[in-house]
Amino acid sequence: MSLTRNEFEVLRALAGTGEAMDAPRIAQAAGLDPDQATTALDACEARGLIAAERITEQGIEALEPYRVRNAVIMAAGLSSRFVPLSYERPKGMLRVKGEVLIERQIRQLLKRGITDIAVVVGYKKEYFFYLAAKYGVRIVVNDLYAERNNSWTLYLVRDKLSNTYVCSSDDYFTTNPFERYVFKSYYAATYAEGPTDEWCLRVGSNDRITGVTVGGHDSWVMLGHVYFDERFSKTFVPLLEDAICRPETQGKLWESILADNLKALDMEIRRYPEDVIHEFDSLAELETFDGDFITNVDSEIFDNIVSVLGCTREEIKDFYPLKQGITNLSCHFSTNEGEWVYRHPGVGTELLIDRRAEVTALKTARGLGVDDTFVYEDPDRGWKISRFIPDSTQPDPHDPAQCARMMHMARAVHDSGASIERHFDFHDEANRYLDLLLARGPIDIPGFSEMHEKVERLAGHVRADEAPTCLCHNDFFMLNFLVDASDKYYLIDWEYAGMGDYANDFGTFAVCCQLSDDEMHAALTAYFDREPTTGELRHNLAHVVLAGWCWYLWALLKEAEGDNVGEWLYIYFSYADKYLDRALALYEEA
């Protein structure tokens, strides 16, 4: 039985109280003026939906098509803008004003009788598992959370979309926005005065959303929860499935799919006052909302910063993520004493990196004057604090002058006479990664065994060279350099440093900077400050292969652990593959 909006509002008001209500009270509860309420009441009474100022069983049945069936809470994302706390736990698990964000939202849904709740998790998913037992929610795991956007999250629960609330785990509602019955699909919105980067809404007649733009001025913006009615869901799901199946659209946000199909998708705006919906896009926003948050938050990262820098928690501010490497996560922060970088160790790095050796190498590098950014590293857990270099850039390895500067720096480290206990050999390191891979099962990559056999032959020839051993960085390439405003070069990130063959650094440099043959020759000429000999060319080319092979196995291991290294997997492989036969020939034909 279909209802007009006013009839719906009258029945919803009566169903919400279960009491008899006269016309003035119904008008107030339904948000209608007296004439609208009277007209709707008369129509409902004539159809037997209301009797004696109460809702009847027929009235309850008339509301049934509008009853909210379930809710989906999206909790899979990385929340990268919320560093460093997102390094420790998902944003939805933060405690704000004494309540865990996602728990508060679940309780608000339950209070409205919405008990069928699916929580889609991904990043640090194990933090959410307890919710199943505590609140009876259903956990859905999104394993592609780092590769796909929120459209994939909805795709995983597309069979559940009907009369459905779609929520984000990190929203905070000061008043409960959820209802047992909803007339039509809507997107929650608040008004933004002045310029905004949020998604701005245009509306037509009856408040139907007719346009969406990213960024605008003095506009109602999409913020908070969304409601899909059954009609909307039946139209949206095929559009979602189509987008997911196409490579060019599978990475879209679900809101982009909505924006592209507004003629087919009937959704209205639901306006909320300024202080009802809160989405915290930064730690500073959360601090403004909850003045005691920093004091009360359970965070080892904040404790670490306080213990090293001797500041108070209240001094720590200006967090933002820095460009992430493929091993660790890093963010900027500041205190009253300056600007700093906090490095959080990546997943699985405890299997790959000797942190105590790294601390020794960092202290040595600081002593040599090649990295005086280093402040402190925990030798057991791997977190590190460094000075932030403002307005820094990274050198261009394809610029001859900048390449030469980096090679001179390598030569200076190699000739320094500095020594640490750790030894690093690309062949040994590769075999260590290979053992870790084989522990997971056979490697059935085509050509892998043949390539491995050739690398073993090449490693034997290289050992016979008996090249000089010295302190090497071993992860020596442009991303581990900073150039400050006065053109000073810093060589940072000494995780893999150790005593090894001097050619280690050239091998990594050539592979990771993707040098051409001519660029490799020029780099070696800069390193030796002369033309390299035939033996030196052969030895360093072999290390291009050994470095590529080692980092290729490292990347395979990272991928096996669920970490996505992207194009680096192929870059490492391609350099090992390209130069393997040439390097072998230079040794074996000689």
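Scroll up to find the structure.
Here the structure is a predicted model, which is why all the values come from computation and not from measurement. (Residues numbered from 1 in each chain as written. Predicted model: local features only at pLDDT ≥ 70, side-chain atom pairs only at ≥ 80, totals over all residues. Heavy atoms only, no water.)

A. Seen up close, helix 17 (residues 426-438). A rise of 1.5 Å per residue sets the reference length of helix 17, with its 13 residues, at 18 Å; its end C-alpha atoms lie 18 Å apart and thus fit the reference within 8%. By the burial criterion, the buried members of helix 17 are Phe426, His427, Glu429, Ala430, Tyr433, Leu434 and Leu437. All buried residues of helix 17 lie within an arc of 165° about the axis, which places them on one face of the element. (Helix = DSSP H or I, 4+ residues; strand = E, 2+ residues; numbered from the N terminus. Expected span 1.5 Å × (residues − 1). Buried < 20%, exposed > 50% of the residue type's maximum accessible area, 1.4 Å probe, protein only. Arc of directions from axis to C-beta.)

B. Region of interest: helix 18 (residues 448-465). Compared with an ideal rise of 1.5 Å per residue, which puts 18 residues at 26 Å, helix 18 spans 26 Å between its outermost C-alpha atoms and is within 8% of the ideal. The inward-facing, buried residues of helix 18 abut helix 17, strand 22 (498-501), helix 21 (534-560) and helix 22 (568-588). Looking one or two residues beyond helix 18, the residue adopting positive phi is Glu466, at roughly 55°. (Contact = heavy atoms within 4.5 Å.)

C. The arrangement of the side chain of Thr153 in detail. Looking at the secondary structure, you find Thr153 in helix 8 (residues 150-156). At a separation of 3.2 Å, a polar atom in the side chain of Thr153 contacts the side chain of Asn142. Not counting residues within four places of it along the chain, the set of residues in contact with Thr153 comprises Met74, Ala76, Val120 and Asn142. (Polar contact = N/O pair within 3.5 Å; in protein donor to acceptor, adjacent residues only side chain to side chain.)

D. Geometry of unusual backbone geometry. Of note, the amide linkage connecting Val83 to Pro84 takes the cis form, showing an omega dihedral of 0°. Position of Pro84 relative to the elements: it lies in the loop between strand 3 (70-75) and helix 5 (85-88). Notably, Ala52 is not glycine yet its phi reads approximately 55°, a positive angle. The residue Ala52 is located in the loop between strand 1 (50-51) and strand 2 (54-55) in this model. Since its relative accessible area comes to 67%, Ala52 is described here as exposed. Not every positive phi belongs to a glycine, and Glu466 is a case in point at roughly 55°. Secondary-structure assignment places Glu466 in the loop between helix 18 and strand 19 (469-472).

E. Just the environment of Tyr342, in detail. Tracing the backbone shows Tyr342 in strand 16 (residues 338-345). Distance from Tyr342 to Ser386, taken between C-alpha atoms, is 6.7 Å for residues 44 residues apart in sequence. Contacts of Tyr342, omitting those with residues within four sequence positions, involve Ile301, Asn304, Ile305, Leu329, Ser330, Cys331, Phe333, Trp383, Lys384 and Ile385. Within polar-contact distance, the side chain of Tyr342 engages the side chain of Asn304 at 3.0 Å.

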